[in-house]
Amino acid sequence: MSSDPLITFTDRGIYCPRADLYIDPWKPVARALITHGHADHARAGHARYMCTTSAAPVMRHRLGNITLDTIDYGQPFAVNGVQISFHPAGHVIGSAQIRLAYKGEIWVVSGDYKTEDDGISEAFEPVRCTHFISECTFGLPIFKWEPQAVIAEQINTWWHKNAQAGVSSIIGAYSLGKAQRILSMLDTDISPILTHGAIEASNEILRAQGVQLPPTTLVTPDLDRKAYKGAMILAPPAALGSNWARGFPKHSSGFASGWMRLRGVRRRRALDQGFVISDHADWDGLLDAISATGAEKIYVTHGYTDIFARHLNSTGCNAAIVETAFEFDGGEVDPTAEGDAS
């Protein structure tokens, strides 16, 4: 192995000195490799970006006229001898783990990931490495997800019951990733599906890429909302309880989030229904993903880092905590903080 580490952790972000590039930097840099398009990983201000081909349309939509290079999954390229490739992370469409290798030292920066195949995102693929940087957003044993089919049945049963009573169903879901995942799970025979503008913008981008999504109707100011009694309405978390939502005279509010596993979150947010579903790995998913890498060293970030690192070390792993500016993103913000949680 080389004498100097291939990856270092700086105040600008995760840095590879030999290739002179950063991965998901949180301050402006000359060259940034981006794991996915959520705002805490893909920030404005970098001189040059690189992401997967399928993440590019969202990146351009969110960041505007940027200098952006794209790469297909599994296609290697070299920068000053460092072999680099992007591999599916399963978090959202286009999300990637980034592999960097030099003289036997192999790092994988996972970004955010989930191990369950959601049928829309490119399915997570374990990547063997010597060093693995892992999120642990849901790094507590209490966080264990039911199979997606089970959650789909719960959502559709709730929606069907509401529709029969002439009540609309509003689900809060993050605009990129979670909303499309839920949309793909809906039984379109129950009633029409309406969308908030923020979600429909993402839908249009993904449909243009060939992603198959059920038909939806955009909620506009001139839409006759009374004509859509019993509809399913997908909205970003901030819209729940807003004037926008109150424009539907009779509705029941639901929330799709891993945080629904915690007691009290639904009650504090005055929700009628909570659905435990996340685009991040649960406790078992995190452990399985880490084990599959065979990594000699694990770095954990953004989440329950202290508890998760302590558990890994107790099982014989070599784990350390890395402080980053990544957040509980993808609609999975800390439910005790101000703002949205999904």
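Structure shown above.
What comes next is a walk through the structure. If you're wondering where the values come from, they're calculated on a predicted model, not measured in any experiment.

**What about the environment of Ala-96?**
Part 1 of the reasoning: Positionally, Ala-96 belongs in strand E9 (residues 96-102).
Part 2 of the reasoning: The spacing of Ala-96 and Glu-125 is 29 residues in sequence and 9.5 Å in space, taken between C-alpha atoms.
Part 3 of the reasoning: Discounting chain neighbours no more than four positions away, the residues touching Ala-96 are Thr-35, Thr-52, Tyr-73, Phe-86, His-87, Ala-89, Val-109 and Ser-110.

**Brief notes about the pattern of salt bridges**
Part 1 of the reasoning: Under the defined criterion, the tally for this structure stands at 7 salt bridges.
Part 2 of the reasoning: Of the charged contacts in the structure, one is a salt bridge between Asp-69 and Arg-48, with a shortest N-O distance of 2.7 Å. In this pair, Asp-69 sits in strand E6 (residues 68-71) while Arg-48 sits in strand E5 (residues 48-52), placing the two residues 21 residues apart along the sequence.
Part 3 of the reasoning: For Asp-69, a relative accessible area of 21% gives the class partly exposed.
Part 4 of the reasoning: Linking Asp-279 and Lys-114 is a salt bridge whose minimum nitrogen-to-oxygen distance equals 3.4 Å.

**A look at the packing of aromatic side chains**
Part 1 of the reasoning: A complete count under the given rule lists 17 aromatic pairs for this structure.
Part 2 of the reasoning: Centroid distance Trp-26 to Phe-326: 5.4 Å. Interplanar angle 90°. Geometry classified as edge-to-face. In this pair, Trp-26 is assigned in the loop between strand E3 (21-23) and strand E4 (31-33) and Phe-326 in the segment after strand E19 (319-321), connecting sequence segments 300 residues apart.
Part 3 of the reasoning: With a relative accessible area of 16%, Trp-26 lands in the buried category.
Part 4 of the reasoning: Ring geometry for Phe-138 versus Trp-145: centroids 5.0 Å apart, planes at 85°, classification edge-to-face.
Part 5 of the reasoning: Residue Phe-138 is classed as buried on the basis of its relative accessible area, which comes to 0%.
Part 6 of the reasoning: In textbook terms, an aromatic cluster arises when at least three aromatic residues are bridged by ring pairs, as seen for Phe-138, Phe-143, Trp-145, Trp-259 and Tyr-304.
Part 7 of the reasoning: Positioned above the aromatic ring of Trp-244 is the side chain of Arg-225, whose terminal nitrogen or guanidinium carbon lies 5.5 Å from the ring centre.
Part 8 of the reasoning: If you follow Arg-225 out to its NZ or CZ, it ends over the ring of Phe-248, 4.6 Å from the centre.

**Some points on unusual backbone geometry**
Part 1 of the reasoning: In the Ramachandran plot, Asn-80 falls in the positive-phi region, its phi being about 50° despite a non-glycine side chain.
Part 2 of the reasoning: Note on placement: Asn-80 falls in the loop between strand E7 (77-79) and strand E8 (82-88).
Part 3 of the reasoning: By relative accessible area, Asn-80 is classed as partly exposed at 47%.
Part 4 of the reasoning: Here the phi dihedral of His-302 falls at roughly 35°; this positive angle occurs in a residue that is not glycine.
Part 5 of the reasoning: Position of His-302 among the secondary structure elements: in strand E18 (residues 297-303).
Part 6 of the reasoning: For His-302, a relative accessible area of 8% puts it in the buried group.

**Here we look at the side chain of Arg-181**
Part 1 of the reasoning: Note on placement: Arg-181 falls in helix H3 (residues 178-185).
Part 2 of the reasoning: Residue class for Arg-181 comes out buried when judged on its relative accessible area of 2%.
Part 3 of the reasoning: Reaching out from Arg-181, the side chain makes a polar contact with the side chain of Glu-116 at a distance of 3.2 Å.
Part 4 of the reasoning: Not counting residues up to four positions away in its chain, the partners in contact with Arg-181 are Lys-114, Glu-116, Asp-118, Ile-120, Gln-148, Ile-277, Ser-278 and Asp-279.

**Overview of helix H8 (residues 305-314)**
Part 1 of the reasoning: When H8 is considered as a whole, its buried residues turn out to be Thr-305, Phe-308, Ala-309 and Leu-312. The buried side chains of H8 occupy one side of the element, clustering within an arc of 95° when seen end-on. Among the exposed residues of H8, those oriented more than 90 degrees off its buried face are Arg-310 and Ser-314.
Part 2 of the reasoning: On the buried face of H8, the contacting elements are strand E11 (131-136), helix H7 (283-293), E18 and E19.
Part 3 of the reasoning: Positioned one or two residues after H8, Gly-316 has a phi angle of 100°, which is positive.

Cut-offs and rules
- Every residue gets a number counted from 1 within its own chain, in the order that chain's sequence is written.
- A pLDDT threshold of at least 70 governs which residues receive local features in this predicted model, and a stricter bar of 80 or more applies before side-chain atom pairs are shown or counted, although totals over entire chains, interfaces and linings include all residues.
- Side-chain measures here rest on the full set of heavy atoms in the structure, leaving out hydrogens and waters.
- Per the convention used, a helix needs a DSSP run of H or I reaching at least four residues, while a strand needs a run of E reaching at least two, with both numbered from the N terminus.
- The contact definition used throughout considers only heavy atoms, calling two residues in contact when any of these lie within 4.5 Å.
- One side-chain nitrogen of Lys or Arg within 4 Å of one carboxyl oxygen of Asp or Glu is enough to make a salt bridge.
- Buried, partly exposed and exposed residues are distinguished by accessible area as a fraction of the type maximum, computed with a 1.4 Å probe on protein chains only: under 20%, between the cut-offs, and over 50%, respectively.
- Only Phe, Tyr and Trp rings take part, Trp by its six-membered ring, and two of them pair if their centres are within 6.5 Å. Stacked means planes under 30 degrees apart, edge-to-face means over 60, and tilted covers everything else.
- Should the NZ of a Lys or the CZ of an Arg lie within 6 Å of a ring centre and within 35 degrees of the ring normal, that charge is described as sitting over the ring.
- We define a polar contact as two N or O atoms separated by no more than 3.5 Å, with the added condition that, inside protein, one atom must be a possible hydrogen donor and the other a possible acceptor, whereas residues neighbouring each other in sequence contribute only through side-chain atom pairs.
- Here, the arc refers to the directions that run from the helix axis to the C-beta atoms.

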